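# Observations on the model geometry
If you want the building blocks of each chain, they are given just below.
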Amino acid sequence: MSTELPRTVLERLRSVDWYGDRDLADSHSRSRALLMREYLRRAALWAQAYGAREEWPFFDVTEFVDPAFRLDPEVESELEDYLAHNVGTPSTARTCRGAVRWAALRAWSKAALPELPDPYEPLLLMYGRGGGYSIEEFIDLYGVMIPYGNFESNLNAEPFPTPAPSTLDALDAGAAGRIMYYAKVGEGYPRSSPRGILRRRLVGREAETHDEAFTRSLRWEPTEYLRLYELGHNDVDHVRISEREAAAFIESTVKRLSGS
(Lines give C-alpha, C1' and ligand atoms only; values in the text may rest on other atoms or scores of the structure.)
Protein backbone atom coordinates (compact mmCIF):
# COMPACT_ATOMS: atom_id res chain seq x y z
CA MET A 1 0.00 0.00 0.00
CA SER A 2 1.66 3.23 -1.18
CA THR A 3 1.65 6.19 1.20
CA GLU A 4 3.03 8.66 -1.36
CA LEU A 5 -0.08 10.81 -1.81
CA PRO A 6 -0.99 11.28 1.89
CA ARG A 7 2.67 11.95 2.73
CA THR A 8 2.81 14.58 -0.02
CA VAL A 9 -0.12 16.39 1.60
CA LEU A 10 1.46 16.02 5.03
CA GLU A 11 4.65 17.62 3.72
CA ARG A 12 2.63 20.51 2.32
CA LEU A 13 1.16 21.02 5.77
CA ARG A 14 4.58 20.85 7.40
CA SER A 15 5.78 23.69 5.15
CA VAL A 16 3.08 26.07 6.42
CA ASP A 17 3.96 28.87 8.83
CA TRP A 18 0.68 28.63 10.70
CA TYR A 19 0.68 31.64 12.97
CA GLY A 20 4.06 33.37 12.67
CA ASP A 21 3.97 35.55 9.55
CA ARG A 22 1.00 37.90 9.64
CA ASP A 23 2.61 40.09 6.96
CA LEU A 24 2.50 37.15 4.56
CA ALA A 25 -1.17 36.52 5.32
CA ASP A 26 -1.97 40.21 4.89
CA SER A 27 -0.15 40.48 1.56
CA HIS A 28 -2.15 37.49 0.27
CA SER A 29 -5.48 38.47 1.80
CA ARG A 30 -7.39 38.67 -1.50
CA SER A 31 -6.31 35.27 -2.79
CA ARG A 32 -6.77 33.69 0.63
CA ALA A 33 -10.33 34.99 0.79
CA LEU A 34 -11.10 33.64 -2.68
CA LEU A 35 -9.62 30.26 -1.82
CA MET A 36 -11.59 30.04 1.41
CA ARG A 37 -14.81 30.91 -0.44
CA GLU A 38 -14.05 28.21 -2.99
CA TYR A 39 -13.48 25.72 -0.18
CA LEU A 40 -16.85 26.64 1.34
CA ARG A 41 -18.49 26.01 -2.05
CA ARG A 42 -16.78 22.67 -2.59
CA ALA A 43 -17.46 21.55 0.97
CA ALA A 44 -21.15 22.32 0.40
CA LEU A 45 -21.15 20.17 -2.75
CA TRP A 46 -19.64 17.21 -0.90
CA ALA A 47 -21.88 17.73 2.11
CA GLN A 48 -24.93 17.68 -0.12
CA ALA A 49 -23.73 14.54 -1.93
CA TYR A 50 -23.19 12.60 1.32
CA GLY A 51 -25.83 13.95 3.67
CA ALA A 52 -23.32 15.91 5.77
CA ARG A 53 -25.05 19.28 5.72
CA GLU A 54 -25.02 19.52 9.51
CA GLU A 55 -21.24 19.06 9.53
CA TRP A 56 -20.55 21.75 6.93
CA PRO A 57 -18.27 23.60 6.42
CA PHE A 58 -15.18 22.26 8.22
CA PHE A 59 -15.43 18.49 8.21
CA ASP A 60 -13.69 15.27 7.16
CA VAL A 61 -15.25 14.23 3.85
CA THR A 62 -13.74 10.73 4.10
CA GLU A 63 -15.83 9.93 7.18
CA PHE A 64 -18.94 10.18 4.98
CA VAL A 65 -17.58 8.74 1.73
CA ASP A 66 -16.18 5.60 3.39
CA PRO A 67 -16.85 5.39 7.16
CA ALA A 68 -14.74 2.21 7.45
CA PHE A 69 -11.65 3.76 5.89
CA ARG A 70 -8.51 3.85 8.04
CA LEU A 71 -5.33 5.78 7.44
CA ASP A 72 -2.00 3.94 7.41
CA PRO A 73 -0.98 3.75 11.12
CA GLU A 74 2.47 5.23 10.56
CA VAL A 75 1.14 8.16 8.54
CA GLU A 76 -1.63 8.70 11.06
CA SER A 77 0.87 8.79 13.94
CA GLU A 78 3.03 11.36 12.15
CA LEU A 79 0.00 13.44 11.25
CA GLU A 80 -1.47 13.50 14.75
CA ASP A 81 1.91 14.35 16.29
CA TYR A 82 2.33 17.23 13.85
CA LEU A 83 -1.16 18.59 14.45
CA ALA A 84 -0.80 18.38 18.22
CA HIS A 85 2.36 20.48 18.21
CA ASN A 86 1.71 22.92 15.37
CA VAL A 87 -1.95 23.52 14.58
CA GLY A 88 -3.71 25.36 17.35
CA THR A 89 -7.37 25.57 16.35
CA PRO A 90 -9.53 22.42 16.31
CA SER A 91 -11.30 23.42 13.10
CA THR A 92 -8.04 23.89 11.20
CA ALA A 93 -6.68 20.60 12.55
CA ARG A 94 -9.87 18.87 11.41
CA THR A 95 -9.44 20.08 7.84
CA CYS A 96 -5.73 19.16 7.83
CA ARG A 97 -6.64 15.68 8.97
CA GLY A 98 -9.36 15.58 6.36
CA ALA A 99 -6.96 16.61 3.57
CA VAL A 100 -4.46 13.84 4.40
CA ARG A 101 -7.18 11.23 4.76
CA TRP A 102 -8.77 12.36 1.50
CA ALA A 103 -5.45 11.91 -0.33
CA ALA A 104 -5.14 8.42 1.12
CA LEU A 105 -8.72 7.54 0.20
CA ARG A 106 -8.14 8.55 -3.41
CA ALA A 107 -4.95 6.48 -3.52
CA TRP A 108 -6.19 3.33 -1.80
CA SER A 109 -9.94 3.05 -1.91
CA LYS A 110 -11.91 1.50 -4.76
CA ALA A 111 -15.07 3.35 -3.72
CA ALA A 112 -16.82 5.11 -6.61
CA LEU A 113 -16.68 8.88 -6.16
CA PRO A 114 -18.96 11.53 -7.66
CA GLU A 115 -17.52 13.91 -10.24
CA LEU A 116 -16.95 16.76 -7.82
CA PRO A 117 -13.85 18.96 -7.40
CA ASP A 118 -11.18 18.14 -4.83
CA PRO A 119 -12.60 19.44 -1.54
CA TYR A 120 -9.32 20.37 0.14
CA GLU A 121 -7.03 21.78 -2.55
CA PRO A 122 -8.26 25.39 -2.08
CA LEU A 123 -7.51 25.16 1.65
CA LEU A 124 -4.08 23.67 1.08
CA LEU A 125 -3.24 26.56 -1.26
CA MET A 126 -4.64 29.05 1.23
CA TYR A 127 -2.60 27.59 4.10
CA GLY A 128 0.57 27.98 2.06
CA ARG A 129 -0.19 31.66 1.48
CA GLY A 130 -0.23 32.76 5.10
CA GLY A 131 -1.36 30.06 7.50
CA GLY A 132 -4.68 29.00 8.93
CA TYR A 133 -7.82 30.66 10.22
CA SER A 134 -10.00 30.96 13.27
CA ILE A 135 -13.76 30.96 13.48
CA GLU A 136 -16.21 33.04 15.46
CA GLU A 137 -19.03 35.13 13.98
CA PHE A 138 -16.86 35.47 10.86
CA ILE A 139 -13.98 33.43 9.43
CA ASP A 140 -10.77 35.24 10.40
CA LEU A 141 -8.00 34.70 7.84
CA TYR A 142 -5.50 36.85 9.75
CA GLY A 143 -5.57 39.63 7.17
CA VAL A 144 -9.23 39.72 6.25
CA MET A 145 -12.48 38.44 7.74
CA ILE A 146 -15.18 36.90 5.58
CA PRO A 147 -18.76 35.83 6.38
CA TYR A 148 -19.79 32.20 6.26
CA GLY A 149 -22.83 32.79 4.12
CA ASN A 150 -25.40 30.03 4.33
CA PHE A 151 -25.33 26.53 2.92
CA GLU A 152 -27.44 27.34 -0.15
CA SER A 153 -25.51 30.49 -1.07
CA ASN A 154 -22.22 28.56 -0.99
CA LEU A 155 -23.69 25.59 -2.82
CA ASN A 156 -24.73 27.90 -5.68
CA ALA A 157 -21.70 30.21 -5.63
CA GLU A 158 -19.69 30.95 -8.77
CA PRO A 159 -16.92 28.33 -9.12
CA PHE A 160 -13.30 29.38 -8.74
CA PRO A 161 -11.17 26.70 -10.45
CA THR A 162 -7.99 26.16 -8.46
CA PRO A 163 -5.53 28.49 -10.20
CA ALA A 164 -1.77 28.55 -10.51
CA PRO A 165 0.27 30.42 -7.89
CA SER A 166 1.16 33.04 -10.54
CA THR A 167 -2.54 33.88 -10.91
CA LEU A 168 -3.02 34.18 -7.16
CA ASP A 169 0.09 36.38 -6.96
CA ALA A 170 -1.29 38.66 -9.70
CA LEU A 171 -4.59 39.06 -7.82
CA ASP A 172 -2.68 40.00 -4.67
CA ALA A 173 -0.13 42.33 -6.32
CA GLY A 174 -0.64 45.90 -5.11
CA ALA A 175 -4.21 45.04 -4.18
CA ALA A 176 -4.75 47.76 -1.58
CA GLY A 177 -8.18 49.32 -1.27
CA ARG A 178 -11.61 48.43 -2.61
CA ILE A 179 -11.25 46.86 -6.04
CA MET A 180 -13.58 46.64 -9.03
CA TYR A 181 -12.65 44.64 -12.14
CA TYR A 182 -13.65 45.36 -15.73
CA ALA A 183 -13.30 43.51 -19.03
CA LYS A 184 -12.84 45.24 -22.39
CA VAL A 185 -15.47 43.82 -24.72
CA GLY A 186 -16.61 44.31 -28.29
CA GLU A 187 -17.21 42.46 -31.55
CA GLY A 188 -15.26 39.22 -31.37
CA TYR A 189 -14.36 39.86 -27.74
CA PRO A 190 -17.16 38.61 -25.48
CA ARG A 191 -17.08 38.83 -21.70
CA SER A 192 -15.69 35.29 -21.54
CA SER A 193 -12.75 36.21 -23.81
CA PRO A 194 -12.21 39.97 -23.59
CA ARG A 195 -9.54 42.19 -25.15
CA GLY A 196 -8.12 42.71 -21.68
CA ILE A 197 -9.03 43.44 -18.09
CA LEU A 198 -8.63 46.40 -15.78
CA ARG A 199 -9.10 47.14 -12.15
CA ARG A 200 -10.03 50.31 -10.31
CA ARG A 201 -8.76 50.59 -6.75
CA LEU A 202 -10.32 53.06 -4.34
CA VAL A 203 -7.80 53.63 -1.57
CA GLY A 204 -8.24 55.31 1.81
CA ARG A 205 -11.04 57.38 3.29
CA GLU A 206 -10.86 59.80 0.39
CA ALA A 207 -11.24 56.91 -2.10
CA GLU A 208 -8.17 57.89 -4.06
CA THR A 209 -8.57 56.29 -7.49
CA HIS A 210 -5.94 54.06 -9.11
CA ASP A 211 -6.73 52.51 -12.51
CA GLU A 212 -4.57 49.64 -13.74
CA ALA A 213 -4.58 47.19 -16.63
CA PHE A 214 -3.18 43.68 -16.63
CA THR A 215 -0.63 43.90 -19.43
CA ARG A 216 1.39 41.61 -21.66
CA SER A 217 4.18 42.06 -19.12
CA LEU A 218 1.97 39.95 -16.82
CA ARG A 219 1.59 42.67 -14.23
CA TRP A 220 -0.74 45.52 -13.33
CA GLU A 221 0.28 48.86 -14.86
CA PRO A 222 -1.37 52.31 -14.73
CA THR A 223 -3.94 53.03 -17.42
CA GLU A 224 -6.02 56.04 -18.49
CA TYR A 225 -8.65 53.87 -20.20
CA LEU A 226 -11.45 54.31 -17.67
CA ARG A 227 -10.90 58.06 -17.29
CA LEU A 228 -10.86 58.55 -21.06
CA TYR A 229 -14.01 56.46 -21.40
CA GLU A 230 -15.76 58.55 -18.77
CA LEU A 231 -14.77 61.68 -20.72
CA GLY A 232 -16.11 60.23 -23.97
CA HIS A 233 -12.69 59.86 -25.57
CA ASN A 234 -12.61 56.06 -25.79
CA ASP A 235 -15.05 53.96 -27.82
CA VAL A 236 -13.84 50.54 -26.59
CA ASP A 237 -16.62 49.27 -24.34
CA HIS A 238 -16.28 47.44 -21.03
CA VAL A 239 -18.34 45.55 -18.45
CA ARG A 240 -17.81 44.98 -14.77
CA ILE A 241 -16.72 41.43 -13.94
CA SER A 242 -16.14 39.37 -10.82
CA GLU A 243 -12.79 38.67 -9.22
CA ARG A 244 -13.17 35.05 -10.32
CA GLU A 245 -13.59 36.14 -13.94
CA ALA A 246 -10.51 38.33 -13.61
CA ALA A 247 -8.58 35.34 -12.27
CA ALA A 248 -9.65 33.22 -15.26
CA PHE A 249 -8.38 35.89 -17.67
CA ILE A 250 -5.07 36.21 -15.83
CA GLU A 251 -4.63 32.44 -15.83
CA SER A 252 -5.25 32.11 -19.58
CA THR A 253 -3.03 35.10 -20.36
CA VAL A 254 -0.11 33.76 -18.33
CA LYS A 255 -0.42 30.37 -20.02
CA ARG A 256 -0.62 31.91 -23.50
CA LEU A 257 2.29 34.34 -23.10
CA SER A 258 4.60 32.14 -21.06
CA GLY A 259 3.93 28.94 -22.96
CA SER A 260 3.25 27.08 -19.72
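The structure under discussion appears in the preceding block.
This section reports on the structure supplied with the text. (Residues numbered from 1 in each chain as written. Predicted model: local features only at pLDDT ≥ 70, side-chain atom pairs only at ≥ 80, totals over all residues. Heavy atoms only, no water.)

## Focus: a negative patch on the surface
On the surface, Asp17, Asp21, Asp23 and Asp26 cluster together to form a negatively charged patch. If you trace the backbone, aspartate 21 turns up in the loop between α1 (4-14) and α2 (22-27). Accessibility expressed as a relative area gives 31% for aspartate 21, which makes it partly exposed. (Patch = residues over 30% accessible without salt bridge, like charges linked within 9 Å, V, L, I, M, F, W, Y side chains within 5 Å. Areas by Shrake-Rupley, 256 points an atom, 1.4 Å probe, with all protein chains shown as cover. Salt bridge = Lys/Arg side-chain N within 4 Å of Asp/Glu carboxyl O. Lys, Arg positive; Asp, Glu negative; His and termini not counted. Charge placed at Lys NZ, Arg CZ, Asp CG, Glu CD. Helix = DSSP H or I, 4+ residues; strand = E, 2+ residues; numbered from the N terminus. Buried < 20%, exposed > 50% of the residue type's maximum accessible area, 1.4 Å probe, protein only.)

## Brief notes about the packing of α1 against helix α6 (residues 90-108)
Packing of α1 against α6 leaves a shortest axis separation of 7 Å and a crossing angle of 160°. On the basis of the axis angle, α1 is roughly antiparallel to α6. Every pair of crossing elements has a handedness; the one defined by α1 and α6 is right-handed. Residue-level contacts link Leu5, Pro6, Val9, Leu10 and Leu13 of α1 to Cys96, Ala99, Val100, Ala103, Ala104, Ala107 and Trp108 of α6. Classifying every residue of the contact of α1 with α6 by side-chain character gives 12 nonpolar, no polar and no charged. (Axes fitted to C-alpha atoms, helices over the stretch in contact; angles between N-to-C directions. Parallel < 35°, antiparallel > 145°, perpendicular 65-115°, else oblique. Left-handed = near helix turned anticlockwise from the far one by under 90°. Contact = heavy atoms within 4.5 Å. Nonpolar A, V, L, I, M, F, W, Y, C, P; charged D, E, K, R; others polar.)

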